Amino acid sequence: MAEIFQNLPKVKYEGADSKNPLAFKYYDPDRVILGKTMREHLPFAMAWWHNLCASGSDMFGAGTSDKRFGAEPGTMEHAKAKVDAGFEFMQKLGIEYFCFHDIDLVPEAATIQETNARLDEITDYILEKMKGTQIKCLWGTANMFSNPRFMNGAGSSNSVDVFCHAAAQIKKALDCTVKLGGRGYVFWGGREGYETLLNTDVKFEQENIAQLMKMAVSYGRSIGFTGDFYIEPKPKEPMKHQYDFDASTAIGFLRQYGLDKDFKMNIEANHATLAGHSFQHDLRISAINGMLGSVDANQGDLLLGWDTDEFPFDVYETTLCMYEILKAGGLTGGLNFDAKNRRPSNTHEDMFQAFVLGMDSFALGLIKAAALIEDGRIDNFVKERYASYEGSDIGKKIRAGSATLAECAAIAAQNGAPASPGSGKQEYLEAVMNQILFGRA
Ligand code: XLS
Ligand code: NI
Ligand code: NI
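Computed from a predicted structure; not experimentally measured.

(A) Spotlight on the sheet that holds strand E6 (residues 97–101). Strand order around the closed barrel formed by 8 strands is E5-E6-E7-E8-E10-E12-E13-E14, with parallel pairing between neighbours. Along the sheet, successive strands turn relative to each other by an average axial angle of 30 degrees, direction set aside. Sheet topology note: the strand E7 (residues 136–141)/strand E8 (residues 184–187) ladder contains 2 bridges and is parallel. Directly across from Gly140, in E8, lies its bridge partner Tyr185. Across the face of the sheet, helix H7 (residues 202–222) comes into contact with E8, strand E10 (228–231) and strand E12 (263–268) while running at roughly 160 degrees to E10.

Written out as structure tokens, the structure reads:
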């Protein structure tokens with residue numbers, strides 16, 4: 001097999017003093033942090049679509065980067081060349097997982113039967129490639145948003161024919177995910193939303209999405225899929241409003257339709273910020289509901305109102321993300337770089353450097369999150385902040401759910417005006433964070 005990324009070496013850990021642009025400064029896979037190796041804490045994944053398919057085109061201009069990998073786009077030779085490129089790339093970076101949409105793997109054909117035959121061929125090829133490597137599938141999904149048939153949605157489409165087409169794609173994407181040993185299966189509701197309520201029956205659409213998910217669970221379990229299904233919340237883009245707005249909304253939806261045992265959240269940083277939340281917020285909401293499954297590890301630009309899918313660079317964000325993940329006891333999924341190079345970063349070397357940046361940002365985040373936890377000042381402050389509950393009989397009763405309004409009112413009358421609830425000390429805590437992040441300057 002000819003090397004595709006010639007002159008791009010296997011990326012190794014060289015430590016924080018290295019100035020080698022193709023070396024890790026912080027990601028040292030065998031380093032143990034809080035009892036587990038970095039490799040175990042950070043199950044990094046490559047997104048097939050951004051890394052192997054997207055060429056940097058946007059609505060103002062054509063692609064800038066060459067993703068032909070020696071073959072003609074739109075052919076099965078190209079589909080295989082992408083597999084070759086992807087596996088070489090993952091091995092050179094030490095990435096152990098990949099994520100895919102059905103039509104990232106093969107060009108869609110005129111009929112479902114033909115597309116499915118192509119998917120059979122490519123998944124055989126991928127399985128063969130996986131042998132003798134550490135590389136595994138993190139999750140699969142069906143692209144139910146690019147083809148014009150999905151202009152009004154997939155599960156939420158007004159057309160039953162489109163609904164059935166979506167079901168067919170999910171069925172096959174589940175087959176492929178199971179065949180490749182995927183840990184999870186994702187529903188990102190690309191066009192499951194609306195442009196105007198004037199033409200939309202929201203209840204009808206949401207019920208249909210739930211039905212489609214139920215069918216997916218029942219089919220997935222019948223073919224031996226034991227992993228988690230994930231909803232990936234996003235508030236808008238491409239639709240004006242998307243039903244899986246944020247983690248809270250998606251969790252409520254799953255509970256309403258009895259899907260919460262089979263589903264968890266796949267939280268994407270840039271989607272959380274589009275919803276007006278921080279990344280940490282949606283991670284926390286998922287975690288406290290027992291639904292933190294996987295993460296789409298990217299970063300948005302707060303000056304832009306869309307999903308810019310940048311490689312993570314902000315170490316405050318990666319630290320707070322890893323803090324939430326550590327506190328939740330880890331991920332059952334992984335950290336998928338649903339991220340793309342900026343359009344002018346258009347060389348193959350840039351693809352490597354983007355992953356070096358992303359992996360190092362998360363490695364640094366992990367190191368710093370562990371330090372925040374070991375330092376204990378923040379956790380202790382939070383514990384102390386609520387201590388009046390543990391420290392009083394009425395507080396214990398409220399926590400246990402056995403207090404009444406009358407009892408609380410009697411205590412309020414007896415105690416008189418409450419003392420100050422105490423300072424929130426935000427600035428102090430932010431200073432602690434800076435001290436942990438930057439240490440000796
Ligand atoms: C788009 C989403 C998408 C999902 C997979 O904004 O992030 O890429 O991760 O369909
Ligand atoms: Ni995503
Ligand atoms: Ni996204």
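Read on for the rest.
(B) Structural view of the nonpolar core. Of all hydrophobic cores here, the largest spans 117 residues; its most connected members are Leu42, Trp48, Leu93, Phe98 and Leu335. Ranked by the residues each element gives to this core, the list is headed by helix H12 (residues 348–375), at 13 residues. Apart from residues lying up to four places away in sequence, Trp48 is in contact with Cys53, Lys82, Val83, Phe87, Met90, Phe98, Cys99, Phe100, Asp104, Leu105 and Ile126.

(C) Quick look at the packing of aromatic side chains. This model, assessed by the stated rule, comprises 25 aromatic pairs. Members of the aromatic cluster, joined through ring pairs, are Phe5, Phe24, Tyr27, Phe44, Phe69, Phe89, Phe311, Phe337, Phe352, Phe355 and Phe362. In this structure, Lys80 packs its charged tip against the face of Tyr125, placed 5.6 Å from the ring centre. Here Lys136 stacks its cationic end above the ring of Tyr97, 5.0 Å away from the centre of that ring.

(D) Representation of the site of ligand 1. Close contacts around ligand 1 come from Trp49, His101, Trp139, Trp188, Glu232, Lys234, Glu268, His271, Asp296, Asp307 and Asp338, and that covers them all. Contact between ligand 1 and Glu268: an oxygen atom at 2.7 Å from a side-chain N or O atom of the residue. At 2.7 Å from an oxygen atom of ligand 1 is found a side-chain nitrogen or oxygen belonging to Asp338. Relative to its free-state accessible area of 290 Å², ligand 1 is covered by the protein chains to the extent of 93%. A per-class count over the shell around ligand 1 returns 3 nonpolar, 2 polar and 6 charged.

(E) Layout of the pairing of E10. What you see with E10 is no split at all: Asp228 and Tyr230 on one side and Phe229 and Ile231 on the other are buried throughout. Two elements, E10 and E12, share 3 bridges in a ladder whose sense is parallel. Bridge pairing in E12 links Tyr230 to Lys264.

(F) Focus on the coordination of the nickel ion (ligand 3). Taken together, Glu268 (OE), His271 (NE2) and Asp307 (OD) make up the full set of protein donors to the nickel ion (ligand 3), lying 2.1 to 2.2 Å away. Mapping the donors of the nickel ion (ligand 3) onto the primary sequence yields the spacing E-x2-H-x35-D. Between the two metals, the nickel ion (ligand 3) and the nickel ion (ligand 2), the spacing is 3.8 Å, and Glu268 donates to both. Remark: Asp307 occurs in the loop between strand E13 (292–296) and helix H11 (315–327) and Glu268 occurs in strand E12; sequence separation between them is 39 residues. By relative accessible area, Asp307 is classed as buried at 10%.

(G) View of the environment of Cys164. Here Cys164 shows up in helix H6 (residues 160–179). Cys164 sits in the partly exposed class, given a relative accessible area of 46%. Spatially, the C-alpha atom of Cys164 lies 46 Å from that of Pro9, the residues being 155 residues apart in sequence.

How each quantity is defined
Residues numbered from 1 in each chain as written. Chains lettered and ligands numbered in written order. Predicted model: local features only at pLDDT ≥ 70, side-chain atom pairs only at ≥ 80, totals over all residues. Heavy atoms only, no water. Pairing = 2+ DSSP bridges. Helix = DSSP H or I, 4+ residues; strand = E, 2+ residues; numbered from the N terminus. Axes fitted to C-alpha atoms, helices over the stretch in contact; angles between N-to-C directions. Contact = heavy atoms within 4.5 Å. Core = buried A, V, L, I, M, F, W, Y, C linked by side-chain atoms within 4.5 Å. Buried < 20%, exposed > 50% of the residue type's maximum accessible area, 1.4 Å probe, protein only. Phe/Tyr/Trp six-rings, centres within 6.5 Å; stacked < 30°, edge-to-face > 60°. Lys NZ or Arg CZ within 6 Å of the ring centre and 35° of its normal. Near = heavy atom within 4 Å. Polar contact = N/O pair within 3.5 Å; in protein donor to acceptor, adjacent residues only side chain to side chain. Areas by Shrake-Rupley, 256 points an atom, 1.4 Å probe, with all protein chains shown as cover. Nonpolar A, V, L, I, M, F, W, Y, C, P; charged D, E, K, R; others polar. Donors = N, O, S within 2.8 Å, 3.2 Å for Na, K, Ca; no water.

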